[in-house]
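Okay, here's what each chain looks like letter by letter:
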Amino acid sequence: QGVAGQSFGAFAIPGMRLVFEGLANDFVGKGLSGGEIVLRAEGDAARESSHHVLLGNVALYGATAGRLLAAGRAGERFAVRNSGAVAVVEGVGDHGCEYMTGGAVLVLGRAGQNFGAGMTGGIAWVLDEDGSFVSEQRYHPDFLAASSLADDSEAAAQVYELLTIHAASAHSQRAEVLLVDWPATQRMLVKLTPRPQA
């Protein structure tokens, strides 16, 4: 509990489960190698988690496996060079999923500019509540193709499972609200898949 310094949970291996209540600094889960990191918000931040930054920049840098569940927003360059970890977070700054080659990222809130630049593998889903993520093209179209989750039942089942886990483990009220009206949530989710590169 409290405030975590740099690189909380770095290189966590299978069998390690770190649960933290409070705020975390940059490089959370750097090099995550199979462990699980759960970040829970406290106080007012827990009630409006998608509006509050819970962890700093460059989380999951170079992660290869494992899972990160964060009941709040992350800073810039979230999951840069991620090659295998699975993450749920409630918003990211600019350059999310930069150079990602594997894994899966679910963003339950606003994503900044240049999402997915250099992303050649893995998958991402972004909750686009007001349609601005797509209309402003905040993702990198040269690397990513955007489609509706409503048209993909297999992906929808995967996201629903992640939401359920996020609500239970991270105590995310945001996830609980989104699960209540799943059909509406599904219509707001954008699926982002890497385009084949020449």
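Residues numbered from 1 in each chain as written. Predicted model: local features only at pLDDT ≥ 70, side-chain atom pairs only at ≥ 80, totals over all residues. Heavy atoms only, no water.

Engineer: I would appreciate a short explanation of the side chain of Arg 174 in the present structure.
Structural biologist: Tracing the chain through its elements places Arg 174 in helix H4 (residues 173–180). Judged by relative accessible area, which is 16%, Arg 174 ranks as buried. Here the side chain of Arg 174 touches Glu 129 through a polar contact of 2.8 Å, side chain to side chain. (Helix = DSSP H or I, 4+ residues; strand = E, 2+ residues; numbered from the N terminus. Buried < 20%, exposed > 50% of the residue type's maximum accessible area, 1.4 Å probe, protein only. Polar contact = N/O pair within 3.5 Å; in protein donor to acceptor, adjacent residues only side chain to side chain.)

Engineer: Just checking my understanding: could you explain unusual backbone geometry for this structure?
Structural biologist: A negative phi angle is the norm for most residues apart from glycine, just as the trans form is the norm for most peptide bonds. Even without glycine at this site, Ala 79 takes up a positive phi of about 65°. Secondary-structure assignment places Ala 79 in the loop between strand S6 (73–74) and strand S7 (83–89). Relative accessible area serves as the criterion here: at 0%, Ala 79 is assigned to the buried category. Of note in this structure, Asn 114 is not a glycine but carries a positive phi near 60°. Structurally, Asn 114 is set in the loop between strand S8 (101–107) and strand S9 (121–127). For Asn 114, a relative accessible area of 25% puts it in the partly exposed group.

Engineer: What is the right way to read the pattern of salt bridges from this model?
Structural biologist: Taken as a whole and judged by the stated rule, the model has seven salt bridges. If you follow the salt bridges from partner to partner, you end up with Arg 17, Glu 36 and Arg 67 in one network. (Salt bridge = Lys/Arg side-chain N within 4 Å of Asp/Glu carboxyl O.)

Engineer: Is there a simple way to think about the packing of aromatic side chains in this case?
Structural biologist: A complete count under the given rule lists four aromatic pairs for this structure. Relative to Tyr 139, the ring of Phe 133 has its centre 5.7 Å away and its plane inclined at 35°; by these criteria the two rings are tilted. A relative accessible area of 1% places Phe 133 in the buried class. Cluster of aromatic residues (ring-pair linked, three or more members): Phe 115, Phe 133 and Tyr 139. Of note, Lys 30 hangs over the ring of Phe 27, and the distance from its end group to the ring centre comes to 5.5 Å. (Phe/Tyr/Trp six-rings, centres within 6.5 Å; stacked < 30°, edge-to-face > 60°. Lys NZ or Arg CZ within 6 Å of the ring centre and 35° of its normal.)

Engineer: What is the right way to read the packing of helix H3 (residues 153–169) against H4 from this model?
Structural biologist: When two helices pack together, you describe them by how their axes are tilted relative to each other and by the distance separating the axes. Across the interface, H3 lies against H4 with an axial gap of 8 Å and an inter-helix angle of 140°. In terms of their interaxial angle, H3 and H4 are classed as oblique. The two elements H3 and H4 meet at a crossing, and its hand is left-handed. Facing Tyr 160, Leu 163, Thr 164, His 166 and Ala 167 of H3, the residues of H4 in contact are Ala 175, Glu 176, Leu 178 and Leu 179. (Axes fitted to C-alpha atoms, helices over the stretch in contact; angles between N-to-C directions. Parallel < 35°, antiparallel > 145°, perpendicular 65-115°, else oblique. Left-handed = near helix turned anticlockwise from the far one by under 90°. Contact = heavy atoms within 4.5 Å.)

Engineer: I tried to follow the nonpolar core on my own but got confused; where do I start?
Structural biologist: In globular proteins that are soluble, nonpolar side chains generally tend to be buried together. Within the largest apolar cluster, 40 residues are counted, with the highest numbers of intra-cluster contacts made by Leu 39, Leu 55, Phe 78 and Phe 115. Per-element accounting of this core gives the leading share, three residues, to S7. Once residues within four sequence positions are removed from consideration, Leu 55 is found in contact with Ala 24, Asn 25, Val 28, Leu 39, Leu 68, Ala 70, Arg 73, Ala 74, Gly 75, Phe 78 and Val 89. One finds Val 38, Leu 69, Leu 108 and Leu 149 within the second-largest nonpolar core, a separate group that totals 23 residues. (Core = buried A, V, L, I, M, F, W, Y, C linked by side-chain atoms within 4.5 Å.)

Engineer: Looking at this structure, I do not really get the pairing of strand S2 (residues 17–24). What am I missing?
Structural biologist: As a general feature of sheets, a regular strand has side chains that alternate between the two faces. Where strand S1 (residues 2–4) lies against S2, three bridges are found, and the strand directions are parallel. In the strand pairing of S2, Val 3 is matched with Leu 23. For S2 and strand S3 (residues 33–40), the ladder comprises five bridges, and the chain directions are parallel. Among the inter-strand pairings, Arg 17 is bridged to a residue of S3, identified as Glu 36. (Pairing = 2+ DSSP bridges.)

Engineer: Can you walk me through H4 in this structure?
Structural biologist: Given 3.6 residues per helical turn, the α-helix brings residues three or four places apart onto the same face. Those residues of H4 that sit buried are Arg 174, Ala 175, Leu 178 and Leu 179. Looking down the long axis of H4, one finds its buried residues gathered within 130° of arc, a one-sided arrangement. Away from its buried face, by an angle of more than 90 degrees, H4 presents the exposed residues Val 177 and Val 180. Among the structural elements, S9, H3 and helix H5 (182–188) are those in contact with the buried residues of H4. The residue sitting at the N-terminus of H4 and contributing the capping side-chain oxygen is Ser 172; that oxygen lies 3.3 Å from the backbone nitrogen of Arg 174. (Arc of directions from axis to C-beta.)

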